[in-house]
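# A closer look at the structure
Listed below are the residues making up each chain.
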Amino acid sequence: MQIVQSTKKLYRRLTWSWIPRSDKEAGDAIVKNILLHWFPHKVSKGSISWWYSLWLGTMSFVLFVILTVTGIVLMFLYVPSVERAYASVKDIEYVVSFGWFLRAMHRMSAHLMVATVFLHMVRVFVTGAYKNGRSVGTNRPLNWIIGLALLICTLLLSFTGYLLPWDQLAYWAITVGTNIASAAPIVGEKIRYFLLGGNTIDQGTLIRFYVLHVFFLPVILVSLFAWHMWRIRKDGGLAVVDREALSQKPEQVAPVKSKTYSLLGITNGTTVHVQTRMVNEEENSLPSVPNLSRRIWLVTLVTMLLVMVSSIIVPTPLEAPANPSVTPNPAKAPWYFLWLQEIVTDTTIKLGSFTLNGALVGGILLPGILLVLAIWWPYRDRSSINATGVWFAPERKRQNLIFLALCLFVILLTIVGTFLRGPYWDFYWPWEAWPTTPIRF
């Protein structure tokens, strides 16, 4: 009996911060647990609802953790050498115990992370979550820009990892992608030379992509993610908090002009909490532990299950070894850049002896304009703070429709490039057979 009681006490000492028995223990857990320390003591009910954020940001982080863990294991098995890269990947796929599953999880997590980060960006836009509310000192437009940088970093992470198997699919996808990048005015060829480590895809290219993939880009992404999360805390939480504050009557509290102490440090002047404190604030908030922590664990488990199941169902391709002398027909970029390849094709126009460079128009100028608009729009949006944190707010109807139309256009072009483009980049319906084409040597 004494052993059982001692075991229970030990279990309680190890798990009390995750299973608090009172509000005091819930507050102490935030301060004393290193994993919970970055959460606020209390969160609003709207912030942890399933339907506001769809938890896409949490899913993206979980996918990155899966990528990191599986990637570290793969690093011990992969050889970044032109002569041995393909053979090492083939050994992982067919010789190493459960190596195929490890590689499939890494690949599926990369694809899903690109999709979830993109959907997270869409969610932020349609809910107007990039707009400042009434809280003091918020800068949500900056956090939106950080999110765009995270999306670009995610795409580059996936792109640099695409070459590592060193098969035909990887080799020619990188060839197409870097050729599009070379169309940039003035710096295009320099960017291509920097990425390739020369004028051709060879050992220099492989080692550069490998180092970028396993070190520099992950470090940049982790830094941006930490900044992103810190800004969410500094902005008073998710934008839905501002919507909840507007629907209630603020409590008449005198502004505090002295120094204020909090988990985020010492600040001068009035605080966010004083400016936005509600009469029934306690009724609309919950302790982060266990309410928020349990939902994070649930999202983590569901994401891991999705990755594992899709890794078993969806095949992980490994084509013939990379051969610069054999050009596949068609040669396609990675799927997340196929919309650019489609635009490049559609904007390449020949008028007599003059040729409009589609790579410049569709691969550089148009994406550049879209990126500049995305950065500028939070400062251009004149909708009221009543539209902050609201799904499809009526006063933002027009801009939401235009934004969603652009997103659907990108998705449609990606589908066309993936499934409906055949030899010589001709259009084929799914039920049409592709003609037999000679292999180019």
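Residues numbered from 1 in each chain as written. Predicted model: local features only at pLDDT ≥ 70, side-chain atom pairs only at ≥ 80, totals over all residues. Heavy atoms only, no water.

### Topic: the overall build of the protein chain
Assigned secondary structure in the protein chain consists of 16 helices and six strands. Here the protein chain, with 441 residues, has 45% of them falling under the buried criterion. A separation of at least 24 residues holds for 73% of the contacts in the protein chain among residues at least 6 apart in sequence. Carbon and sulfur atoms make up 69% of the accessible area of the protein chain, which totals about 24500 Å². (Helix = DSSP H or I, 4+ residues; strand = E, 2+ residues; numbered from the N terminus. Buried < 20%, exposed > 50% of the residue type's maximum accessible area, 1.4 Å probe, protein only. Contact = heavy atoms within 4.5 Å. Areas by Shrake-Rupley, 256 points an atom, 1.4 Å probe, with all protein chains shown as cover.)

### Remarks on the side chain of Arg396
With respect to the element layout, Arg396 can be found in the loop between α15 (358-380) and α16 (397-419). Relative accessible area serves as the criterion here: at 0%, Arg396 is assigned to the buried category. Side chain to side chain, Arg396 and Tyr130 meet in a polar contact 2.5 Å long. Apart from residues lying up to four places away in sequence, Arg396 is in contact with Phe125, Val126, Thr127, Gly128, Tyr130, Lys131, Asp381, Ser383 and Ala387. (Polar contact = N/O pair within 3.5 Å; in protein donor to acceptor, adjacent residues only side chain to side chain.)

### A look at the nonpolar core
Tyr78, Trp166, Ile174, Ile201, Tyr336 and Phe337 are the most contacted members of the largest nonpolar core, which totals 37 residues. Those elements that provide at least two residues to this core are α5 (85-94), α7 (140-162), α8 (168-181), α9 (188-196), α10 (203-234), α14 (338-346) and α16. Ranked by the residues each element gives to this core, the list is headed by α8, at six residues. Among residues more than four places away in sequence, those in contact with Ile201 are Leu163, Trp166, Tyr171, Ile174, Thr175 and Leu196. Residues Tyr52, Phe101, Met113 and Val122 belong to the second largest nonpolar core, which totals 34 residues. (Core = buried A, V, L, I, M, F, W, Y, C linked by side-chain atoms within 4.5 Å.)

### Describing unusual backbone geometry
Backbone torsion omega between Val289 and Pro290 reads 10°, so that peptide bond is classified as cis. Along the chain, Pro290 falls in helix α13 (residues 288-313). A cis geometry characterises the amide bond from Asn329 onward to Pro330, with omega recorded as 10°. Secondary-structure assignment places Pro330 in the loop between α13 and α14. Even without being a glycine, Trp166 presents a positive backbone phi close to 55°. As for its position among the elements, Trp166 is in the loop between α7 and α8. Within the chain, Tyr424 stands out as a residue other than glycine whose phi angle is a positive 60°. For Tyr424, the position within the fold is in the segment after α16. Take Tyr424: its relative accessible area is 47%, and that puts it in the partly exposed class.

### Let's talk about the packing of aromatic side chains
This structure, assessed with the given rule, holds 21 aromatic pairs. Between the aromatic rings of Phe215 and Phe216, the centroid separation amounts to 4.9 Å while the plane-to-plane angle is 80°, which identifies the pairing as edge-to-face. Residue Phe215 is classed as partly exposed on the basis of its relative accessible area, which comes to 46%. Over the aromatic face of Tyr52 sits the side chain of Arg123, whose NZ or CZ is 5.0 Å from the ring centroid. In this arrangement the basic side chain of Arg396 is found over the ring face of Phe125, its NZ or CZ atom lying 5.2 Å from the centre. (Phe/Tyr/Trp six-rings, centres within 6.5 Å; stacked < 30°, edge-to-face > 60°. Lys NZ or Arg CZ within 6 Å of the ring centre and 35° of its normal.)

Remember that the coordinates give geometry; whether it matters functionally is a separate question.
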